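Inside the fold
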Protein chains: 2
Amino acid sequence: MSWTIIATWRMALEGVQEGAKLLEYKGNSEDAIEKAIKMVEDFPYYKSVGYGGLPNENGEVELDAAFMDGDSLSIGAVAGIKDFKNPISIARKLSEEKVNCFLVGQGAEDYAHKNGFERMNMLTDRAIIQYKNRLKETVDKGLSPYSGHDTVGMVALDQNNSMASGTSTSGLFMKKRGRTGDSAISGSGFYVDSEIGGATATGLGEDIMKGCSSYEIVRLMKEGYTPQEAADKAVGQLNDLLIKRRKKAGDISVVCINNKGEFGVATNIEGFSFVVATDNLTPTVYVCSSKKGKTSYEVATSEWMDNYMKKRTAPLKLK
Amino acid sequence: MSWTIIATWRMALEGVQEGAKLLEYKGNSEDAIEKAIKMVEDFPYYKSVGYGGLPNENGEVELDAAFMDGDSLSIGAVAGIKDFKNPISIARKLSEEKVNCFLVGQGAEDYAHKNGFERMNMLTDRAIIQYKNRLKETVDKGLSPYSGHDTVGMVALDQNNSMASGTSTSGLFMKKRGRTGDSAISGSGFYVDSEIGGATATGLGEDIMKGCSSYEIVRLMKEGYTPQEAADKAVGQLNDLLIKRRKKAGDISVVCINNKGEFGVATNIEGFSFVVATDNLTPTVYVCSSKKGKTSYEVATSEWMDNYMKKRTAPLKLK
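Computed from a predicted model, the values in this text were never measured in an experiment. (Residues numbered from 1 in each chain as written. Chains lettered and ligands numbered in written order. Predicted model: local features only at pLDDT ≥ 70, side-chain atom pairs only at ≥ 80, totals over all residues. Heavy atoms only, no water.)

**Things to note about the state of the cysteines**
By definition, a disulfide links the sulfur atoms of two cysteine residues through a covalent bond. Applying the stated criterion to the full structure yields 0 disulfides over all chains. Take C256(A): it sits in no disulfide, and the sulfur closest to it among the cysteines is that of C288(A), at 11 Å. Left without a disulfide partner, C101(B) is nearest to the cysteine sulfur of C212(A), which lies 15 Å away. Overall, the relative accessible area of 6% leaves C101(B) in the buried class. (Disulfide = S-S within 2.5 Å. Buried < 20%, exposed > 50% of the residue type's maximum accessible area, 1.4 Å probe, protein only.)

In structure tokens, the structure reads:
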């Protein structure tokens, strides 16, 4: 039986490797998504998700996450949650509630605490250095401080044809307190229906939510488009619309799979990377290019892979 | 030149009357939406929006609101905000920011405070009585306390063919702290594109966000469906999908207009009311019925109108 798991960015690799093992041994898509995203959340050198995530302008790490079950369409999400180790697990638990499935701020923390989730100070020394350096480089010079918004988003199909999706992010670096992007927003940051397929997005949340890109991709797959066609079409449509109406489009990148396990990817930036594993393909990192609304991708070279990890783990100095 | 404003529920009538005056005298759709929703927020007897809104399970009034500009597609939203008089105005202001447009909890309050928005204790004596009675009737007897989730959602078209949409709600009565429904969620609670049309939804947010109904309606209008066809089709699709996958569908009601000012409405419940005004129609309340996936509506009788206000303003006793 076939299975597939796909995820945004190279940082998902170690998680996808674990998720793939689960799927290979007939684990379900929900467990694979949660396990895979937890691994990304737990790795301290990935600075846009979970532990080690970069803080908001007040120096607080505020996290967003969502989980969707493609069979029941149940959704759980948290936004602006602080001091909990694994937001994806809280989101999954919320997806099992009848109502009150999307909780923000203090309410999300109350729920997590009452349900026994692990408390953790998510701010690392490394993130503090990055925060202080960013202040010096931008705010102190009167420049806009915003940069970086790499959400991990995943979609999985298991051997029982059941699908799930999840996202997790610390959001825009230097965001204002309470700022939420698309990652917790159904239809924008994620959407999955086991009878069709699923999609997840990363980029500038404020722009992605103007096009409901994840819902649109799943809808296009339902109409008969291949995952690759659906992804290119949805990203192209939104990119063009934003340029027409606003003169510029923020970063938009998506990955998707249909319920046969075929995958697609699209981006309006250079250098978007993603990870995919199937019953036929060991977990592989690809790097994308976008030309005239068509996305192409190549397996990441070993040089690219080495540089990636070197850059992330390089010692940081306070400026 | 033609103009139209449409809104969910009878409670929007007084607001729509004011919004219609603005539109008639060439005011813009954004001002009409903000003014109209502020009136609903300010009226103390409407228990699901703004001042007088029912509290969460902790006895706190937590509000959600969103604003979308159909020209630029700019979106502003707040979720779980406490102690501010007019969430819709905060959402509109956020829609003018480049980033950090959707703020939740404490962060939304920080922003509102720094931007000079009026503070107000939104909890009324009447809401306290309803809260205490609800506890006695449900929680004390081991029953589920959740009931009521009537969002005011509006869409307007002005004489310059510019469109806007807004929502405001206190959310599900007795919700958990921080719970957010569809009202602040782009594509689910609202969506508007001045070149096509706009839609807004009310009902069980946890279910509406499983279908991105507002985005879907606008998309269907783009494909050529009339507003009425688009509304019926989107609500019917989601209702059927929820029943198929979950055995039951929560309340879903929508109103929409296209960029010619033609309107549509659809619901899967009995008794959904809405208000519409155009250059040809004084502000009018309609009450809906739904049969076999087709929504029909009639002008509310004077008896219905009298009963509505009597029920809302009737003295309340602590049980």
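**A few points about the interface of chain A and chain B**
Between chain A and chain B, the residue contacts involve 50 residues of the former and 50 residues of the latter. Across the chain A to chain B interface the summed buried area is about 4100 Å²; carbon plus sulfur atoms make up 56%. In terms of surface lost to chain B, no three residues of chain A exceed N100(A), F102(A) and R245(A), which account for 16% of the buried area on that side. Here chain A is connected to chain B by 8 salt bridges. Put simply, E195(A) and K244(B) hold a salt bridge, and the shortest N to O gap is 3.0 Å. Our count for the chain A to chain B interface comes out at 32 residue pairs in polar contact (both at pLDDT 80 or more). For the side of chain A that touches chain B, the elements supplying multiple residues, two or more each, are β3 (75-81), β4 (102-104), α4 (105-114), β7 (190-193), α7 (213-223) and α8 (227-246) of chain A. Considering every element that reaches the side of chain A that touches chain B, the biggest residue donor is α4(A), with 6 residues. (Contact = heavy atoms within 4.5 Å. Buried area = accessible area lost by both parts, 1.4 Å probe. Salt bridge = Lys/Arg side-chain N within 4 Å of Asp/Glu carboxyl O. Polar contact = N/O pair within 3.5 Å; in protein donor to acceptor, adjacent residues only side chain to side chain. Helix = DSSP H or I, 4+ residues; strand = E, 2+ residues; numbered from the N terminus.)

**Re the sheet that holds strand β2 (residues 63-69) of chain B**
All names here are of chain B. Spatially, the 9 strands line up as an open sheet ordered β4-β3-β2-β6-β5-β1-β11-β12-β13, and their pairing is mixed. Of all the strands in the sheet, the pair left with one neighbour each is β4 (102-104) and β13 (294-299). In this sheet, adjacent strand axes meet at a mean angle of 15 degrees when their direction is disregarded. Across 6 bridges, β2 lies against strand β6 (residues 163-169) in antiparallel orientation. Within β6, the residue paired with D64 across the bridge is T169. Most of the contacts of helix α4 (residues 105-114) go to β4, to which it runs at about 115 degrees, and overall it touches β3 (75-81) and β4. (Pairing = 2+ DSSP bridges. Axes fitted to C-alpha atoms, helices over the stretch in contact; angles between N-to-C directions.)

**Observations regarding the packing of helix α2 (residues 29-42) of chain B against helix α3 (residues 87-95) of chain B**
Residues and elements named next belong to chain B. The N-to-C vectors of α2 and α3 enclose an angle of 150 degrees; their axes lie 8 Å apart at closest approach. As summarised for this structure, α2 and α3 are arranged roughly antiparallel, according to the angle between their axes. Seen from α2, the contacting residues are E30, D31, E34, I37, K38 and E41; seen from α3, they are P87, I88, S89 and R92. Of the residues contributing to the contact of α2 with α3, the split by class is 3 nonpolar, 1 polar and 6 charged. (Parallel < 35°, antiparallel > 145°, perpendicular 65-115°, else oblique. Nonpolar A, V, L, I, M, F, W, Y, C, P; charged D, E, K, R; others polar.)

**A word on α2(B)**
Residues and elements named next belong to chain B. Here α2 contains 14 residues, and its C-alpha end-to-end distance of 20 Å stays within 8% of the 20 Å for a straight helix at 1.5 Å per residue. Within α2, the full set of buried residues consists of S29, E30, A32, I33, E34, A36, I37, V40 and E41. Sitting at the amino-terminal end of α2 is N28, which places a side-chain oxygen 3.1 Å from the backbone nitrogen of E30. (Expected span 1.5 Å × (residues − 1).)

**A look at the packing of α7(A) against α8(A)**
Residues and elements named next belong to chain A. Interhelical geometry of α7 versus α8 gives an angle of 140 degrees and a closest axis separation of 9 Å. On the basis of the axis angle, α7 is oblique to α8. Taken as a pair, α7 and α8 cross one another with a handedness that is right-handed. Within the contact between the two elements, α7 uses S213, E216, I217, L220 and M221 and α8 uses P227, A230, A231, K233, A234, Q237 and L238. Class assignment for the residues of the contact of α7 with α8 results in 8 nonpolar, 2 polar and 2 charged. (Left-handed = near helix turned anticlockwise from the far one by under 90°.)

**Notes on the confidence of the model for chain A**
On average, residues of chain A score 96 in pLDDT, and 100% of them are at 70 or above. Complex prediction metrics read pTM 0.98 and ipTM 0.97. (pLDDT = per-residue confidence, 0-100.)

**Considering the packing of aromatic side chains**
The final tally for this structure, using the stated rule, is 26 aromatic pairs over all chains. Between Y215(A) and Y215(B), the ring centres sit 5.9 Å apart and the planes meet at 85 degrees, which makes this aromatic pair edge-to-face. Of this pair, Y215(A) sits in helix α7 while Y215(B) sits in helix α7 (residues 213-223), which puts the two residues in different chains. Of the two residues, Y215(A) and Y215(B), neither departs from the other in class, the shared state being buried. Ring geometry for F263(B) and Y286(B): centres 6.3 Å apart, planes at 45 degrees, overall tilted. Taken together, the residues span a long stretch of sequence, with F263(B) in strand β10 (residues 263-267) and Y286(B) in strand β12 (residues 281-291) at a distance of 23 residues. Here the guanidinium or amino end of R312(A) rests over the ring plane of Y308(A), the centre of that ring lying 3.8 Å away. (Phe/Tyr/Trp six-rings, centres within 6.5 Å; stacked < 30°, edge-to-face > 60°. Lys NZ or Arg CZ within 6 Å of the ring centre and 35° of its normal.)

**Side note on the pairing of strand β10 (residues 263-267) of chain A**
Residues and elements named next belong to chain A. With 5 of its 5 residues buried, β10 lies for the most part within the structure. Along β10, one buried face is formed by F263, V265 and T267 and the opposite face, lined by G264 and A266, is buried too. Here strand β9 (residues 252-258) pairs with β10 via 5 bridges, running antiparallel. Its bridge partner lying in β10, V255 is registered against V265. With antiparallel pairing between neighbouring strands as the criterion, β9 and β10 make up a hairpin whose turn holds 4 residues, including G261 at a positive phi of roughly 90 degrees.

**A short note on the relation of the copies chain A and chain B**
Turning chain A through 180 degrees and shifting it by 0.0 Å along the axis lays it on chain B, with an RMSD of 0.0 Å. Here the two chains are linked by the operation of a two-fold rotation axis. Considering only C-alpha atoms, the residue of chain A closest to the rotation axis is G105(A), which sits at 2.6 Å. A shared interface surface links the copies, since 100% of the contact residues of chain A are contact residues in chain B too. (Least-squares fit on C-alpha atoms with pLDDT ≥ 70 in both.)

**Quick notes on the pattern of salt bridges**
What the rule picks out here adds up to 35 salt bridges over all chains. A salt bridge links R177(A) to D110(B); the shortest N-O distance between them is 2.6 Å. In this pair, R177(A) is assigned in the loop between β6 (163-169) and β7 and D110(B) in helix α4, connecting two distinct chains. For the pair R177(A) and D110(B), one class covers both residues: buried. Here R10(B) ties to E14(B) by a salt bridge, and the two come within 3.0 Å at their closest N and O atoms. Look at R10(B) and you get buried, because its relative accessible area is 5%. Since its relative accessible area comes to 23%, E14(B) is described here as partly exposed.

**Quick look at the sheet that holds β4(A)**
In a beta sheet, neighbouring strands are held together by backbone hydrogen bonds and run either parallel or antiparallel to one another. Residues and elements named next belong to chain A. Ordered by their spatial adjacency, 9 strands build an open sheet running β4-β3-β2-β6-β5-β1-β11-β12-β13, and the pairing between neighbours is mixed. Both outer strands of the open sheet, β4 and β13 (294-299), are each paired with one neighbouring strand and no more. Recorded for the sheet is a direction-independent mean angle of 15 degrees between the axes of neighbouring strands. Relative to strand β12 (residues 281-291), strand β11 (residues 273-278) runs antiparallel, the two being bridged by 5 bridges. The residue bridging S273 from the neighbouring strand is V287, located in β12.

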